[in-house]
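# Results of the structural survey
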Amino acid sequence: MLKNQSGGGTQPMKMYPMPPPCVPGAPPPVVGTDTSTGDPRARLFVGNLNTFKVSRFEVENMFLRHGPILAISLHKGYGFVQYYFEDHARRAAAAEHSRILGGQSLDCNLACEPKPGQKKRIQSNVNDEDIAPVAKKPRSQNGSAASSPVDLSQEELHSYSHADILVCGNCKEQFVDIYTLTEHKRHRCKLRFTCKCQALQEKADDEPPVLVCATCKDHFHTCWDLVTHVQENHQVLIYEVP
């Protein structure tokens, strides 16, 4: 019990989950998906995470070597690893920061200690007066937004230690420069999430008219839409794009 500083009685100390006891021969404990129940000081933020190529199993194996893990949650482009103890999270942040995984350099730090300029994903404390007003585009005489010319010359562009990543918004394939991406966009690409081919959109004779996700109860018209939904939204690895 902790004594209240104002002398108004006592309040219970907040308790966080502890790692299960190690039993010889027993299977390893299951890592959960709820990263909001553990000690916030032991919560690791993993940014610049290529969730299109990296599975939850790979993330778990990488960070388990720094200590027992309570839970892991993956989102589009980032994730959280909830450890039981703060020193394990700090050790993982120092060891895995800038490590290349899935073709991208990881950005690791404690979630309670966001880096300068980094968006704090746990909670937002931005005041209205801190937000700079957005400049509106000038409008032409017909009322539409006037388009300003864009300088596409590459002579005065700044370069950085990490290469830029160009990603096709349809199939998520990565490209090294704008020219290869432009050439890719001139043709039909290998679609990862949806397919515009008429032959693949046609339903099979034995396929039910409506499919329901057992987790969130969303409805889908094709098996492919359901498979991509489960992998993308419920973090269940079903297929890989070669």
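This write-up is about the structure you can find in this document.

Calculation rules
Residues numbered from 1 in each chain as written. Predicted model: local features only at pLDDT ≥ 70, side-chain atom pairs only at ≥ 80, totals over all residues. Heavy atoms only, no water. Helix = DSSP H or I, 4+ residues; strand = E, 2+ residues; numbered from the N terminus. Buried < 20%, exposed > 50% of the residue type's maximum accessible area, 1.4 Å probe, protein only. Phe/Tyr/Trp six-rings, centres within 6.5 Å; stacked < 30°, edge-to-face > 60°. Arc of directions from axis to C-beta. Contact = heavy atoms within 4.5 Å. Pairing = 2+ DSSP bridges.

### What about the overall build of the protein?
Of the regular secondary structure elements, the protein holds five helices and twelve strands. Per-residue burial for the protein yields a buried fraction of 28% across its 242 residues.

### Digging into the packing of aromatic side chains
In this structure the tally under the stated criterion is three aromatic pairs. When the centroid spacing of 5.9 Å and the interplanar angle of 90° are considered together, the rings of tyrosine 78 and phenylalanine 80 count as edge-to-face. For phenylalanine 80, a relative accessible area of 9% translates into the label buried. An aromatic cluster is built from Phe45, Tyr78 and Phe80, whose rings are joined through pairwise contacts.

### Focus: helix α2 (residues 86-96)
Every buried residue of α2 is listed here: His88, Ala89, Ala92, Ala93 and Glu96. Along the axis of α2, the buried residues cluster in a sector spanning 135°; they form a single face. Contacts made by the buried residues of α2 are with β3 (43-47), α1 (56-64), β5 (78-83) and β8 (107-110). Looking one or two residues past α2, serine 98 carries a phi angle of roughly 75°, positive in sign.

### Observations regarding the pairing of β3
Among the five residues in β3, five count as buried, and that is most of the element. Residues Arg43, Phe45 and Gly47 of β3 are buried on one face, and the alternating residues Leu44 and Val46, pointing to the opposite face, are buried as well. With five bridges connecting them, β3 and β5 associate as antiparallel partners. Paired with leucine 44 across the strands is valine 81, a residue of β5. Looking at chain direction, β3 and β8 are connected through four bridges and run antiparallel. Across the sheet, residue glycine 47 finds its bridge partner in β8, namely aspartate 107.

### Some thoughts on unusual backbone geometry
Even without a glycine there, the phi angle at asparagine 48 is positive, about 55°. Located in the positive-phi region is serine 98, a residue other than glycine, with phi close to 75°. Inspection of the secondary structure assignment puts serine 98 in the loop between α2 and β6 (100-101). Residue serine 98 is classed as partly exposed on the basis of its relative accessible area, which comes to 39%.

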